[in-house]
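Now for the letters of each chain:
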Amino acid sequence: MSILIENVEKHFGTYQALDNINLEVKDGSLIALLGPSGSGKSTLLRVIAGLESADSGRIYIDGEHATNLDVRRRNIGFVFQHYALFKHLTIRQNIAFGLEIRKSPKNETKARVEELLDLVQLQGLGDRYPSQLSGGQRQRVALARALAVKPQVLLLDEPFGALDAKVRKELRSWLRRLHDEFHVTSVFVTHDQEEAMEVADDIVIMNQGRIEQIGSPAAVYDNPSSSFVMSFIGPVNVLSRNTKLFKDGHANGGDLFIRPHDIEVLTNENGTAIPATVDRVIHLGWEVQVELLLEDRQLLTAHFGREKFDALNLQPGQSVFVKPKFTKVFGDSLAEPVAEPVAEPVA
């Protein structure tokens with residue numbers, strides 16, 4: 001089922017939570033609403049669900065005008081960050097709750113519950129209570145309960161935010177596989193960039209109640225539309241326009257943005273790189289982060305695979321030479337980015 005949002009605005013008193021939001025979610029897609037706290041992503045999700053009403057604008061679900069449609073008639077499944085399970089009910093009873101409210105036949109309800117227990121890999125745990133499960137298992141129960149009524153749309157609000165990093169990574173991989181099997185149109189809110197890039201077909205990046213950019217994970221990472229997007233999606237170095245890495249010492253009125261993996265480090269001068277000093281080496285397992293101090297005291301962070309780092313054998317205090325392989329410059333008005341060719345340093 002598709003979702004179409006047209007010119008939606010929402011205020012809480014004098015605070016504008018949503019500012020002229022326009023968004024289309026295609027049938028069967030999985031999109032992420034990504035942004036910092038206060039960007040409006042959870043408010044937008046609640047407006048789609050009917051848990052909040054828009055001040056203006058229109059919402060269509062599968063072509064039906066749903067702006068003023070009661071939440072119970074939207075056929076939407078909602079998964080919250082903190083599970084919201086009924087503590088006094090067993091896992092089976094929690095999953096069956098929505099079906100029983102709709103007065104589904106008992107045999108159909110029982111079959112659906114067993115099907116979902118198998119789907120979320122909780123076979124044999126149906127008679128336990130939420131307190132007897134781990135956090136990851138409880139979130140799977142919450143998802144099964146949302147799917148029980150066969151919703152047209154599945155909405156997830158920071159579904160893995162309360163879990164530890166290892167469980168969170170396992171569950172988001174599981175959610176992606178689940179979606180690929182069932183293709184329920186899904187929208188999930190997250191502030192975790194890695195989570196959005198791993199799970200979503202498309203990412204909607206929000207900031208101060210507005211949509212900054214919509215695109216695939218690769219598109220928003222490789223071709224950010226503004227300095228905010230580039231700074232929010234993945235690590236980035238932001239250097240002053242006066243740095244020597246700029247041609248002629250300036251950059252069309254904007255700062256220089258460089259991804260850490262786009263930094264080339266040389267142990268010998270080649271005439272095109274500039275001097276730097278290794279300030280700190282941080283081992284991150286499969287990757288090594290190196291902090292470099294430029295002559296103008298600006299700090300530059302570079303990322304290397306283990307093989308490349310071992311070949312360079314960098315040590316704190318070592319003198320090296322650095323050169324960006326690719327940079328972007330944004331104007332003060334956050335205009336379209338300009339890809340800057342790598343320039344030879346100014347003498």
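Heads up: the structure comes first, above all this text.
Residues numbered from 1 in each chain as written. Predicted model: local features only at pLDDT ≥ 70, side-chain atom pairs only at ≥ 80, totals over all residues. Heavy atoms only, no water.

Draft legend 1. Structural context of the sheet that holds strand E17 (residues 319-324). Strand order in the open sheet formed by 5 strands is E13-E17-E14-E15-E16, and the pairing between neighbours is antiparallel. In this open sheet, the two edge strands, each paired with only one partner strand, are strand E13 (263-266) and strand E16 (299-305). Mean inter-strand twist for the sheet, computed between neighbouring axes without regard to direction, equals 45°. Two strands pair when backbone bridges link them, and E13 and E17 are joined in this way by 4 bridges, in the antiparallel orientation. Among the inter-strand pairings, Val 265 is bridged to a residue of E17, identified as Val 322. (Pairing = 2+ DSSP bridges. Helix = DSSP H or I, 4+ residues; strand = E, 2+ residues; numbered from the N terminus. Axes fitted to C-alpha atoms, helices over the stretch in contact; angles between N-to-C directions.)

Draft legend 2. Highlighting the packing of aromatic side chains. Taken as a whole and assessed by the stated rule, the structure comprises 4 aromatic pairs. Relative to Phe 97, the ring of Phe 86 has its centre 4.7 Å away and its plane inclined at 50°; by these criteria the two rings are tilted. In this pair, Phe 86 sits in the loop between strand E6 (76-79) and helix H2 (91-101) while Phe 97 sits in helix H2, placing the two residues 11 residues apart along the sequence. Take Phe 86: its relative accessible area is 28%, and that puts it in the partly exposed class. Relative accessible area serves as the criterion here: at 33%, Phe 97 is assigned to the partly exposed category. For the ring pair Phe 228 and Phe 232, a centre distance of 5.6 Å and an interplane angle of 10° mean the geometry is stacked. Highlighted residues: Phe 228 and Phe 232, both in helix H8 (residues 227-232), separated by 4 residues, approximately one helical turn. The ring of Trp 174 has Arg 140 lying over it, and the distance from NZ or CZ to the ring centre is 4.9 Å. (Phe/Tyr/Trp six-rings, centres within 6.5 Å; stacked < 30°, edge-to-face > 60°. Buried < 20%, exposed > 50% of the residue type's maximum accessible area, 1.4 Å probe, protein only. Lys NZ or Arg CZ within 6 Å of the ring centre and 35° of its normal.)

Draft legend 3. Just empty space enclosed by the protein, in detail. In this structure the tally under the stated criterion is 3 cavities of 30 Å³ or more. Taken as a whole, the largest cavity holds about 70 Å³ of empty space. In terms of lining residues, the largest cavity is bounded by Leu 147, Leu 154, Leu 175, Leu 178, His 179, Phe 182, Val 184 and Ser 186. (1 Å grid on protein atoms, 1.4 Å probe; cavity = no way out; pocket = protein on both sides within 12 Å on 5 of 7 lines; lining within 4 Å. Points joined across faces, edges and corners; volume = space filled by probe spheres on them.)

Draft legend 4. Focus on the nonpolar core. Of all hydrophobic cores here, the largest spans 47 residues; its most connected members are Ile 95, Leu 143 and Leu 154. At 7 residues, helix H4 (residues 135-148) tops the list of elements feeding residues into this core. Setting aside anything within four residues of it in sequence, one finds Leu 154 in contact with Gly 77, Val 79, Leu 143, Ala 146, Leu 147, Val 184, Thr 185, Ser 186 and Val 187. Among the nonpolar cores identified, the runner-up in size contains 26 residues, and Leu 33, Leu 44, Ile 59 and Leu 155 belong to it. (Core = buried A, V, L, I, M, F, W, Y, C linked by side-chain atoms within 4.5 Å. Contact = heavy atoms within 4.5 Å.)

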